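# Report on the structure
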Amino acid sequence: SDSGFFNQLDNVYSPFTTAASNAASRVQRTPALSTITDFLNQSGAIATNLKSLGAEADSQAKADVTQINSLLVQIDQLNTSITRGSAGGQDMSDAQNSQGKLVDQLAKLIDITVQTGPGGRVDIRGGQAGLALVDAAGPATLIYVTTPGAPSQITITQAGGASRSLAQPGGELQGLLDLSNTEIP
């Protein structure tokens, strides 16, 4: 369509070519100035929209990290209940079903691997590096870090206290990082 951004850029040249043929004519300069003004206004609107999309991606990434942290705590609490209940001979199927639903929610937000351990507890590793998110030591805590002029990143503090970058977390969180860091720099 003629209203597309790059078509408008192409259309900027035509009035300038016409104006150049008779530079003294105010009538021929006016369409050239109007066309460039329209193009620059559209460029400014696009820049504003991209900035807004970047802010939305950052906001959603922060919300996802908050949800992930909540899920990790809930899964760890269920691990404790399931392990104790199983050791006491109780039927823990309801707690295990709840835990499975929480794990499914987590898997939508970040790439995970799940290993079922003794007594029905689950250990969860996440991201490309397979860092411990939930293990016998407890749940990890994720933080969404933004620094002006630098790519956003996720840091993880594991239950044992080690803190490091969680590169390539996968899932929805990876998509938001890609959007924020690469697609909308």
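Calculation notes
- Residues numbered from 1 in each chain as written.
- Predicted model: local features only at pLDDT ≥ 70, side-chain atom pairs only at ≥ 80, totals over all residues.
- Heavy atoms only, no water.
- Pairing = 2+ DSSP bridges.
- Helix = DSSP H or I, 4+ residues; strand = E, 2+ residues; numbered from the N terminus.
- Core = buried A, V, L, I, M, F, W, Y, C linked by side-chain atoms within 4.5 Å.
- Buried < 20%, exposed > 50% of the residue type's maximum accessible area, 1.4 Å probe, protein only.
- Contact = heavy atoms within 4.5 Å.
- Arc of directions from axis to C-beta.
- Lys, Arg positive; Asp, Glu negative; His and termini not counted.
- Salt bridge = Lys/Arg side-chain N within 4 Å of Asp/Glu carboxyl O.
- Polar contact = N/O pair within 3.5 Å; in protein donor to acceptor, adjacent residues only side chain to side chain.

What follows concerns the pairing of strand S5 (residues 141–147). Of the pairings in the sheet, the one linking S5 to strand S6 (residues 150–157) comprises six bridges and is antiparallel in character. Bridged to Thr147 within S6 is Ala150. Remark: two residues form the turn of the hairpin made by S5 and S6, two consecutive strands paired antiparallel; Gly149 in that turn has positive phi of roughly 85°.

All right, on to the nonpolar core then. Among soluble globular proteins, nonpolar side chains are generally buried collectively. Counting 31 residues, the largest nonpolar core has Leu106, Ile124 and Leu142 as its most contacted members. Only helix H2 (26–87), helix H3 (93–109), strand S2 (122–126), strand S3 (131–135), S5, S6 and helix H4 (171–183) provide two or more residues apiece to this core. The biggest single contributor to this core is H2, with nine residues. Residues within four places of Leu106 in sequence aside, it is in contact with Ile68, Leu71, Leu72, Ile75, Ile112 and Ile124.

Here H4 has its buried residues at Leu173, Gln174, Leu176, Leu177 and Ser180. Projected onto a plane normal to the axis of H4, the buried residues spread over an arc of 165° and lie on a single side. Those residues of H4 that are exposed and aimed more than 90 degrees away from the buried face are Thr182 and Glu183.

Okay, the side chain of Asp64 next. Tracing the sequence through the fold places Asp64 in helix H2. Buried charge without a partner: Asp64 forms no salt bridge, and the closest opposite charge is Lys108, 12 Å away. Within polar-contact distance, the side chain of Asp64 engages the side chain of Gln60 at 2.8 Å. In contact with Asp64, not counting residues within four places along its chain, are Leu109, Glu172, Leu173 and Leu176.

Moving on: the environment of Arg125. Looking at the secondary structure, you find Arg125 in strand S2. Exposure remark for Arg125: the relative accessible area of 43% places this residue in the partly exposed category. Sequence separation of Arg125 and Asp135 is ten residues, and the distance between their C-alpha atoms is 8.3 Å. Here Arg125 is in contact with Asp111, Ile112, Thr113, Gly130, Leu131, Ala132 and Leu133, once residues within four sequence places are set aside. Here the side chain of Arg125 touches Gly130 through a polar contact of 3.0 Å, landing on its backbone oxygen.

The next subject is the environment of Gly160. Note on placement: Gly160 falls in the loop between S6 and strand S7 (163–165). The class of Gly160 is exposed, set by a relative accessible area of 74%. Linking Gly160 and Asn181, residues 21 residues apart in sequence, is a C-alpha distance of 30 Å.

Nothing here speaks to function; it is geometry throughout.
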